[in-house]
Amino acid sequence: LFEHGFVHTDLHPGNAVYCAAENGSDVVLGVLDCGLAVQLSATQKRNLRDLFRAVVDRNGARAAELMIQRSTHPERVRDRDGFVREVSDLVDDVLGKVGARASPHGVFLGN
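Thresholds, definitions, all that
- Residues numbered from 1 in each chain as written.
- Predicted model: local features only at pLDDT ≥ 70, side-chain atom pairs only at ≥ 80, totals over all residues.
- Heavy atoms only, no water.
- Helix = DSSP H or I, 4+ residues; strand = E, 2+ residues; numbered from the N terminus.
- Rg over C-alpha atoms; globule rule 2.2 N^0.38 Å.
- Buried < 20%, exposed > 50% of the residue type's maximum accessible area, 1.4 Å probe, protein only.
- Contact = heavy atoms within 4.5 Å.
- Areas by Shrake-Rupley, 256 points an atom, 1.4 Å probe, with all protein chains shown as cover.
- Lys, Arg positive; Asp, Glu negative; His and termini not counted.
- Charge placed at Lys NZ, Arg CZ, Asp CG, Glu CD.
- Core = buried A, V, L, I, M, F, W, Y, C linked by side-chain atoms within 4.5 Å.
- Patch = residues over 30% accessible without salt bridge, like charges linked within 9 Å, V, L, I, M, F, W, Y side chains within 5 Å.
- Salt bridge = Lys/Arg side-chain N within 4 Å of Asp/Glu carboxyl O.
- Axes fitted to C-alpha atoms, helices over the stretch in contact; angles between N-to-C directions.
- Parallel < 35°, antiparallel > 145°, perpendicular 65-115°, else oblique.
- Left-handed = near helix turned anticlockwise from the far one by under 90°.
- Nonpolar A, V, L, I, M, F, W, Y, C, P; charged D, E, K, R; others polar.
- Expected span 1.5 Å × (residues − 1).
- Arc of directions from axis to C-beta.

**Quick word on the overall build of the chain**
- Along the backbone of the chain there are 3 helices and 4 strands.
- The helix and strand sequence of the chain, counted from the amino end, reads β-β-β-β-α-α-α.
- Taken against the 2.2 N^0.38 rule, which gives 13 Å for 111 residues, the C-alpha radius of gyration of the chain at 17 Å runs more than 25% over that of a compact globule.
- Each principal axis of the C-alpha atoms in the chain carries an extent, and together these give about 50 × 35 × 25 Å.
- For the chain, buried positions account for 20% of its 111 residues.
- Considering only intrachain contacts with a sequence separation of at least 6, the fraction spanning at least 24 residues in the chain is 48%.
- Of the roughly 8,300 Å² that the chain leaves accessible, carbon and sulfur atoms contribute 55%.
- Separation between the mean location of the 13 positive side-chain charges and that of the 15 negative ones in the chain comes to 5 Å.

Rendered as structure tokens:
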């Protein structure tokens, strides 16, 4: 995704398999049914990378601002503060749940 810009547009559990790597200790993600895929432009890759970074950093306000700034009509946003608040709450909620499930396994998100 971040290197070549390809995005599977129908990714669901039935289109993903996990396999042991040849070394026996790593896991490889296999993606099936790639008929629905697109290649992102350099700008789209940058936008997605920046948004992903903001979410992983638990910076929902930054994620919301990026979505507004890089939308097709940022001047049409009616409730900027409300949107920022909602996205911040969503990021906190989702990452809180992920963190609660991941941390017992030694997996930690963010800085």
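So that's the structure; there's more coming.
**With respect to the nonpolar core**
- By size, the foremost hydrophobic cluster in this structure holds 9 residues: Ala54, Ala63, Ala64, Leu66, Ile68, Val84, Val87, Val91 and Leu95.
- Those elements that provide at least two residues to this core are α2 (60-69) and α3 (80-102).

**Description of a negative patch on the surface**
- Taken together, Asp79, Asp81, Glu86, Asp89 and Asp92 make up a surface patch of like negative charges.
- By relative accessible area, which is 47% here, Asp79 ends up partly exposed.

**Focus: a nonpolar patch on the surface**
- Residues Leu11, Tyr18, Val27, Leu29 and Val31 make up a contiguous nonpolar surface patch of roughly 550 Å² in combined accessible area.
- Among the elements that line the nonpolar patch, the one with the most residues is strand β3 (residues 27-31), at 3 residues.
- With respect to the helices and strands, Leu29 occurs in strand β3.

**Considerations on the packing of helix α1 (residues 42-56) against α2**
- At a minimum axis distance of 8 Å, the contact between α1 and α2 shows a crossing angle of 160°. With respect to α2, the axis of α1 lies roughly antiparallel. Where α1 crosses over α2, the handedness of that crossing is left-handed. Contacts between α1 and α2 involve Asp50, Leu51, Ala54 and Val55 from the first element and Arg62, Ala63, Leu66 and Met67 from the second.
- Split into classes, the residues belonging to the contact of α1 with α2 amount to 6 nonpolar, no polar and 2 charged.

**Focus on α1**
- Between the first and last C-alpha of α1 there are 21 Å, a value that for 15 residues agrees with the 21 Å anticipated at 1.5 Å per step.
- Among all positions in α1, only Asp50, Ala54 and Val56 are buried. Looking straight down α1, one finds that the buried residues subtend no more than 170° of arc, so they occupy a single side.
- Note on α1: the residue one or two positions beyond its end, Arg58, has a positive phi of about 60°.

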